[in-house]
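What follows is each chain in one-letter form.
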Amino acid sequence: MRLQHGAASGLNVVMLGPPGAGKGTQAERLAQKRGLPRISTGDILREAVQAGTPLGSVAKAAMDAGRLVSDDVMIGIVQERLDRDDARHGFVLDGFPRTVEQASALDRMVNGRGPLVVLDVVVPEDVLVRRLATRRICGRCGANAAVHWKTKCEKCGGKLVTRVDDGDEIVRERLKVYQRQSKPLVDYYSGRGTLRTIDGNQSADVVTAAVDSAVATAESAGGVTL
Ligand SMILES: [Zn+2]
């Protein structure tokens, strides 16, 4: 059963942005501040696979075969996650939607649950290339290091190392793929009063302040137009 707490009570946030834009950090901060779950598709895919749910098994079969997880399966896994109790007042989604089909499914899922605020974190390509080429990861568990981690992994205590496989060319290719995939998504949302562009080429704290004020204005805009 889905609890209704009035149409405007929920805060449903989608964070868009290329690899290296810092949206994971911002999603985490926003989620904590608002007491909402941060839902990253990487995490919930792993969970569904580990739990061996029917959708998780289908996703695992696709990944084992080196294929992408289909829209249908991804949508189903996100739906199951959003139906859980902790998401009834909203969520911060990171990594979903990736396609227009996923985006329109998400619109159906949040129908009646308050406005969908879409934050597009934008960073110039040269800055992303520099960030990604010097990205640090945990040498033990492979976690991406958050900006504030100094020398040790805050998940397992392992030593941080610089990733060496992200050469300039590989990074630029990844960014091109992202731009190609995300353009239709941004177009899909572009007519709405709840889409906000965030300048991600600033310090993490300044970006956080921009995110907070964008959410505040988008929330009030969403209350009127939806
Ligand atoms: Zn670690």
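Computed from a predicted structure; not experimentally measured.

Peer 1: Is there a simple way to think about unusual backbone geometry in this case?
Peer 2: At the junction of Phe 96 and Pro 97, the peptide bond is cis and its omega measures out at 0 degrees in the coordinates. Relative to the assigned elements, Pro 97 resides in the loop between strand E3 (90–94) and helix H5 (100–110).

Peer 1: Whenever I open this one, the side chain of Asp 120 confuses me. Can you help?
Peer 2: Note that Asp 120 resides in strand E4 (residues 116–122). Those residues within four positions of Asp 120 in sequence are excluded, and the remaining contacts are Leu 16, Gly 17, Val 186, Leu 195, Arg 196, Thr 197 and Ile 198.

Peer 1: How should I be thinking about the coordination of the zinc ion in this particular structure?
Peer 2: Note on metal sites: the ideal angle is 109.5 degrees for four tetrahedral donors, and 90 or 180 degrees for six octahedral donors. Ligation of the zinc ion by protein atoms is provided by Cys 138 (SG), Cys 141 (SG), Cys 153 (SG) and Cys 156 (SG), these donors lying 2.3 to 2.4 Å from the ion. The coordination sphere of the zinc ion comprises four donor atoms, whose angles at the metal cover 102 to 114 degrees; the geometry is tetrahedral. Each donor residue of the zinc ion belongs to the same chain, with the gaps between them written as C-x2-C-x11-C-x2-C. Here Cys 141 is found in the loop between strand E5 (136–138) and strand E6 (160–162), whereas its partner Cys 153 is found in the loop between E5 and E6, with 12 residues between them in sequence. Overall, the relative accessible area of 43% leaves Cys 141 in the partly exposed class.

Peer 1: For this particular structure, what's the right way to read the nonpolar core?
Peer 2: Among soluble globular proteins, nonpolar side chains are generally buried collectively. In terms of nonpolar packing, the biggest core is built from 28 residues, with Phe 91, Leu 106, Leu 116 and Tyr 189 touching the most fellow members. Mapped by element, the contributors of at least two residues to this core are strand E1 (11–16), helix H2 (41–51), helix H4 (71–82), E3, H5, E4 and helix H7 (168–189). Filtering out sequence-adjacent residues up to four positions away, Leu 106 remains in contact with Val 14, Leu 82, Phe 91, Leu 93, Phe 96, Pro 97, Leu 116 and Tyr 189. One finds Leu 11, Val 92, Leu 175 and Val 211 within the second-largest nonpolar core, a separate group that totals 25 residues.

Peer 1: Which parts of the structure should I look at to understand the sheet that holds strand E7 (residues 195–199)?
Peer 2: What links the strands of a sheet is backbone hydrogen bonding, and the strands pair in either a parallel or an antiparallel sense. Pairing is parallel in the open sheet, where five strands are placed in the order E2-E3-E1-E4-E7. Two strands lie at the open edges of the sheet, namely strand E2 (38–40) and E7, each paired on one side alone. For this sheet, the mean angle separating the axes of adjacent strands, direction not counted, is 25 degrees. Bridge count for E4 against E7 is five bridges, and the pairing is parallel. The residue bridging Val 122 from the neighbouring strand is Asp 199, located in E7. Along the sheet, H2 contacts E2 and E3; its crossing angle with E2, the most-contacted strand, is approximately 75 degrees.

Peer 1: What exactly am I supposed to notice about H7 here?
Peer 2: Because an α-helix packs 3.6 residues into every turn, residues spaced three or four apart end up facing the same way. With 22 residues, H7 should cover 32 Å at 1.5 Å per step; its first-to-last C-alpha distance of 31 Å lies within 8% of that length. Taking the largest bend as the criterion, H7 deviates by roughly 35 degrees, centred on Ser 182, and proline Pro 184 comes between one and four positions later. Here H7 has its buried residues at Val 171, Leu 175, Tyr 178, Ser 182, Leu 185 and Tyr 189. Against E1, H5, E4, helix H6 (125–133) and E7 lie the buried residues of H7.

Peer 1: Please explain the packing of H2 against H4 as it appears in this structure.
Peer 2: Packed helix pairs are specified by the crossing angle of their axes together with the interaxial distance, meaning the distance between the axes. Put simply, H2 and H4 touch, their axes get as near as 10 Å, and they point 90 degrees apart. When the axes of H2 and H4 are compared, the pair comes out roughly perpendicular. Together, Thr 41, Ile 44, Leu 45 and Ala 48 of H2 and Met 74, Ile 77, Val 78 and Arg 81 of H4 make up the contact between the two elements. Taken together, the residues of the contact of H2 with H4 sort by class into six nonpolar, one polar and one charged.

Cut-offs and rules
Residues numbered from 1 in each chain as written. Predicted model: local features only at pLDDT ≥ 70, side-chain atom pairs only at ≥ 80, totals over all residues. Heavy atoms only, no water. Helix = DSSP H or I, 4+ residues; strand = E, 2+ residues; numbered from the N terminus. Contact = heavy atoms within 4.5 Å. Donors = N, O, S within 2.8 Å, 3.2 Å for Na, K, Ca; no water. Tetrahedral: all angles 85-135°; square planar, octahedral: opposite > 155°, others 65-115°. Buried < 20%, exposed > 50% of the residue type's maximum accessible area, 1.4 Å probe, protein only. Core = buried A, V, L, I, M, F, W, Y, C linked by side-chain atoms within 4.5 Å. Pairing = 2+ DSSP bridges. Axes fitted to C-alpha atoms, helices over the stretch in contact; angles between N-to-C directions. Expected span 1.5 Å × (residues − 1). Bend = angle between axes of the 7 residues up to and from the residue. Parallel < 35°, antiparallel > 145°, perpendicular 65-115°, else oblique. Nonpolar A, V, L, I, M, F, W, Y, C, P; charged D, E, K, R; others polar.

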